[in-house]
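Structure at a glance
So you can see what is in the structure, the chains are spelled out below.
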Amino acid sequence: MQISDIKNLRIAIVGGGYGGAALAKALQHIGAENVHVYEQASALAQVGAGIGLRPPSVELFRKWGIFDAIAAVSSPSDHLEIISADGKHILATEEWPFMHAFEQVNHNRMIHRGDFIDVLLSVLPEGMVHLGHKLDTIVDHGETAMLTFANGTVVEADLVIGADGIRSTVRHQLFSQQEPVFSGEHAYRAVIAIDDAHGLVTDNNPRFYMGENGTIAYNLPLPHRGQLSYDITAPSKDGSWAPQITNDYLVRLLEGFDERIVAVAGELDISQVTSRSVFDIDPIDSWHTDSVALLGDAAHAMLHHQGQGANSAIMDADSLAEALLQGKSVKDALAIYQEIRKPLTDELQRVSRQGWHADAVESAFPANQ
Ligand SMILES: Cc1cc2nc3c(=O)[nH]c(=O)nc-3n(C[C@H](O)[C@H](O)[C@H](O)COP(=O)(O)OP(=O)(O)OC[C@H]3O[C@@H](n4cnc5c(N)ncnc54)[C@H](O)[C@@H]3O)c2cc1C
């Protein structure tokens, strides 16, 4: 499409998480001026935990001119380590894929989830993000689509992107009514001071301690904040949204783990620990019509074992913007977008479901993405 057509295109993004905010930036980068992000929350926040931004995502931050803002609130990591639960054996040490694939070295950037969304929102023009807008219904009219929000606002757009997360309203109303699938796992996440980490943090690199029973303890250092993101994933049959846990429960779960990991579990302020059941979705057949498409978790929510959910949303954002430049029309662009992204995310969804097993770690990155 011509830049002049893209400039005037009425684009509505539903959801102001990583995917929606990254897409707004990517669209601004290609010259779109009529972009609006509609977010249900009245203030945007993220749970207290770390996340790793992969080298290809970092390359996009350079492309969009926001690398310095990201770098200011993140720490560079060059590899990750997978270790036996007791901390005695290193099972794998792997450099982050694609670290050397670009003109300059792109490290994996370890960032606090809250800092990441703050940066993404801070680089968008004022007035682009509309908080307090919960999408109620979407009607697809072919070349346009109509959005009605719970607060009564009605919006017509030439392109609507559902970036509204794993429980996407856009997906549910237009693409698939299948419910998210419970993984049989819980994720417990806390951010603690490095001074309280019993010497677990020795450099910037994440370490994954692999238990025999499927329990994994992740350490994601956030040294620029003087903090460690201390995460545990553990099997459970309880699929409730926010399972209740205690320090004793965590300590029991971590029997046989490195004593420093166990010590931290015993000392956590449990009121500050985010406890969640983990879900993904089955791949859906198609995620676009002629004027509506899905992006990020709405399109392909995956388990967190590959650390690729947010990264995939960022890659989607770039692909969609590039597809608009490449395609002859919105319809054409959305087909290109799905053709490029879906095979990659289908594979990530599949691999992420495999999880990791302490006795069979061949590569931390089996999807090679
Ligand atoms: C334990 C755990 C660890 C993880 N670790 C990593 C990691 O290391 N690396 C990684 O890349 N990914 C990781 N992920 C995955 C990552 O968090 C998600 O993939 C990512 O947040 C998806 O971004 P999104 O913008 O698509 O969706 P979301 O972040 O869910 O954002 C969706 C937004 O849409 C809004 N919304 C929803 N419904 C409506 C509506 N009806 N109207 C308006 N707005 C609406 C929501 O309020 C929200 O702001 C992890 C996930 C978990 C559970």
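Residues numbered from 1 in each chain as written. Predicted model: local features only at pLDDT ≥ 70, side-chain atom pairs only at ≥ 80, totals over all residues. Heavy atoms only, no water.

Below, the discussion takes up the nonpolar core. The nonpolar side chains of a soluble globular protein tend to be buried with one another. Ile13, Leu27 and Phe61 are the most contacted members of the largest nonpolar core, which has 69 residues in total. Once residues within four sequence positions are removed from consideration, Ile13 is found in contact with Gly20, Leu23, Ala24, Leu27, Val35, His36, Val37, Tyr38, Ile161 and Ala163. Core analysis: the next-biggest nonpolar cluster, separate from the first, contains 24 residues, Ile83, Ala197, Tyr230 and Leu250 among them. (Core = buried A, V, L, I, M, F, W, Y, C linked by side-chain atoms within 4.5 Å. Buried < 20%, exposed > 50% of the residue type's maximum accessible area, 1.4 Å probe, protein only. Contact = heavy atoms within 4.5 Å.)

Domains assigned within the protein are domain 1 (3–44 + 131–180 + 282–354) and domain 2 (182–280). Each partner contributes to the interface: domain 1 provides nine residues, whereas domain 2 provides eight residues. When residues of domain 1 are sorted by the area they lose upon contact with domain 2, Leu303, His304 and His305 head the list and together hold 51% of the total. Our count for the contact surface shared by domain 1 and domain 2 stands at one salt bridge. A salt bridge links Arg353 to Asp280; its shortest N-O distance comes to 2.7 Å. The interface formed by domain 1 and domain 2 contains three residue pairs in polar contact (both at pLDDT 80 or more). (Domains from an automatic or database assignment. Buried area = accessible area lost by both parts, 1.4 Å probe. Salt bridge = Lys/Arg side-chain N within 4 Å of Asp/Glu carboxyl O. Polar contact = N/O pair within 3.5 Å; in protein donor to acceptor, adjacent residues only side chain to side chain.)

Our next topic: the packing of helix 3 (residues 55–63) against helix 10 (residues 309–326). Relative orientation of the contacting elements helix 3 and helix 10 amounts to 45°, with a least axis distance of 9 Å. In terms of orientation, helix 3 lies oblique with respect to helix 10. Along this stretch, helix 3 crosses helix 10, giving a crossing that reads as left-handed. Contacts between helix 3 and helix 10 involve Pro56, Ser57, Leu60, Phe61 and Lys63 from the first element and Asn311, Ile314, Met315, Asp318 and Glu322 from the second. Its residues assigned to classes, the contact of helix 3 with helix 10 shows five nonpolar, two polar and three charged. (Axes fitted to C-alpha atoms, helices over the stretch in contact; angles between N-to-C directions. Helix = DSSP H or I, 4+ residues; strand = E, 2+ residues; numbered from the N terminus. Parallel < 35°, antiparallel > 145°, perpendicular 65-115°, else oblique. Left-handed = near helix turned anticlockwise from the far one by under 90°. Nonpolar A, V, L, I, M, F, W, Y, C, P; charged D, E, K, R; others polar.)

Although it is not a glycine, Phe98 adopts a positive phi angle of roughly 70°. Here Phe98 lies in the loop between strand 6 (90–95) and strand 7 (108–112). Even without being glycine, His198 reaches a positive phi, approximately 55°. Along the chain, His198 falls in the loop between strand 13 (181–193) and strand 14 (207–210).

To continue, consider the pairing of strand 12 (residues 159–162). Along strand 12, one buried face is formed by Leu159 and Ile161 and the opposite face, lined by Val160 and Gly162, is buried too. Bridging between strand 1 (residues 11–14) and strand 12 involves four bridges; their strand directions are parallel. Bridge pairing in strand 12 links Ile11 to Leu159. Bridging between strand 12 and strand 18 (residues 292–294) involves three bridges; their strand directions are parallel. Bridge pairing in strand 18 links Val160 to Val292. (Pairing = 2+ DSSP bridges.)

Here five strands make up an open sheet; going across it, the order is 8-2-1-12-18 and the pairing parallel. At either end of the open sheet lies a strand with only one pairing partner, and these are strand 8 (129–130) and strand 18. Each of strand 12 and strand 18 is contacted by helix 11 (residues 330–354), which is oriented at about 20° to strand 18, the strand it contacts most.

Enumeration according to the criterion identifies eight aromatic pairs in this entry. With a centroid separation of 5.5 Å and 45° between ring planes, the pair formed by Phe182 and Phe279 is classed as tilted. In this pair, Phe182 sits in strand 13 while Phe279 sits in strand 17 (residues 274–280), placing the two residues 97 residues apart along the sequence. For Phe182, a relative accessible area of 26% corresponds to the partly exposed category. Relative to Tyr218, the ring of Phe208 has its centre 4.7 Å away and its plane inclined at 65°; by these criteria the two rings are edge-to-face. Separated by ten residues along the polypeptide, Phe208 in strand 14 and Tyr218 in strand 15 (residues 216–222) bring together distant segments of the chain. The pair Phe208 / Tyr218 is uniform in exposure class, with both members buried. One Lys or Arg, Arg62, reaches over the ring of Phe67 and ends 3.9 Å from the middle of that ring. In this structure, Lys342 is placed above the aromatic ring of Trp287, and the distance from its NZ or CZ to the ring centre is 5.9 Å. (Phe/Tyr/Trp six-rings, centres within 6.5 Å; stacked < 30°, edge-to-face > 60°. Lys NZ or Arg CZ within 6 Å of the ring centre and 35° of its normal.)

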